[in-house]
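Chain by chain, the residues run as shown.
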Amino acid sequence: MTKDLLNLAVNPFLWEIVGYNITGELGTVGGLKSKLNLEIGRKVFYDVELLQRVIDNFSLGAYVRNFTTTNVGLESRVSDFNYGAILRYHSDNGIFIDSKLGTGDQGFDARVQAGAQFKF
């Protein structure tokens, strides 16, 4: 086992293949929800979100992350400190809208995602 760890530390190419991902969520009865995503590979990326439910279907919060996502052809990540606000809506019938407005080293960043969840 020690030989494998030493090989992983010496050979940076293996970090691209192996990589580690740690994800966790914690919520309270009062509607406070925190989420952490940590990815360790050739580079380390983290994303932290904190949300508070304000009405039954609406939540407000904030996020901090050390990357920004670019959509040029394939979706990829660029190292960039980024922070901002989150507005999340989810209906009882499975429709959701997630919007993030923020700023970072690359300037203003806005992202809106919507979708539907079907239950059978």
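Rules used throughout
Residues numbered from 1 in each chain as written. Predicted model: local features only at pLDDT ≥ 70, side-chain atom pairs only at ≥ 80, totals over all residues. Heavy atoms only, no water. Helix = DSSP H or I, 4+ residues; strand = E, 2+ residues; numbered from the N terminus. Buried < 20%, exposed > 50% of the residue type's maximum accessible area, 1.4 Å probe, protein only. Contact = heavy atoms within 4.5 Å. Phe/Tyr/Trp six-rings, centres within 6.5 Å; stacked < 30°, edge-to-face > 60°. Pairing = 2+ DSSP bridges. Patch = residues over 30% accessible without salt bridge, like charges linked within 9 Å, V, L, I, M, F, W, Y side chains within 5 Å. Areas by Shrake-Rupley, 256 points an atom, 1.4 Å probe, with all protein chains shown as cover. Salt bridge = Lys/Arg side-chain N within 4 Å of Asp/Glu carboxyl O.

Caption draft 1: Local environment of the overall build of the protein chain. Each helix and strand in the protein chain was counted, giving 2 helices and 7 strands. Moving toward the C terminus, one meets the helices and strands of the protein chain in the order α-α-β-β-β-β-β-β-β. Taking all 120 residues of the protein chain together, the buried fraction comes to 23%. In the protein chain, of all internal contacts separated by at least 6 residues, the share reaching a separation of at least 24 is 23%.

Caption draft 2: Quick look at the environment of I95. Note on placement: I95 falls in strand β6 (residues 95–104). Take I95: its relative accessible area is 41%, and that puts it in the partly exposed class. Expressed as a C-alpha distance, the spacing of I95 and A116, which sit 21 residues apart in the sequence, is 4.3 Å. In contact with I95, not counting residues within four places along its chain, are Y89, H90, G115 and A116.

Caption draft 3: Quick peek at the environment of N57. Looking at the element boundaries, N57 is found in the loop between β3 (44–53) and β4 (58–72). N57 sits 34 residues away from S91 along the chain, and the two C-alpha atoms are 6.0 Å apart. Contact partners of N57, with chain neighbours within four places excluded, come to R88, Y89, H90, S91 and D92.

Caption draft 4: Representation of the packing of aromatic side chains. This structure, assessed with the given rule, holds 3 aromatic pairs. Centre to centre, the rings of F45 and F67 are 5.6 Å apart; their planes meet at 80 degrees, and the pair counts as edge-to-face. One end of the pair, F45, is in strand β3; the other, F67, is in strand β4, and 22 residues separate them in sequence. F67 matches F45 in its accessibility class, with the two residues each being buried. Taken together, a centroid distance of 5.0 Å and an interplanar angle of 45 degrees make the contact between F58 and Y89 tilted. Of this pair, F58 sits in strand β4 while Y89 is found in strand β5 (residues 74–90), placing the two residues 31 residues apart along the sequence. F58 gets classed as partly exposed once you look at its relative accessible area, which sits at 33%.

Caption draft 5: Structural detail: the pairing of strand β1 (residues 20–27). Little of β1 is tucked away, with 0 of its 8 residues classed as buried. The pairing of β1 with strand β2 (residues 32–40) spans 8 bridges and is antiparallel. Considered in β2, the bridge of E25 is made with K35.

Caption draft 6: A look at a nonpolar patch on the surface. The grouping of L36, V48, V64, F81 and Y83 at the surface amounts to a nonpolar patch, some 400 Å² of accessible area in total. The topology assignment puts F81 in strand β5.

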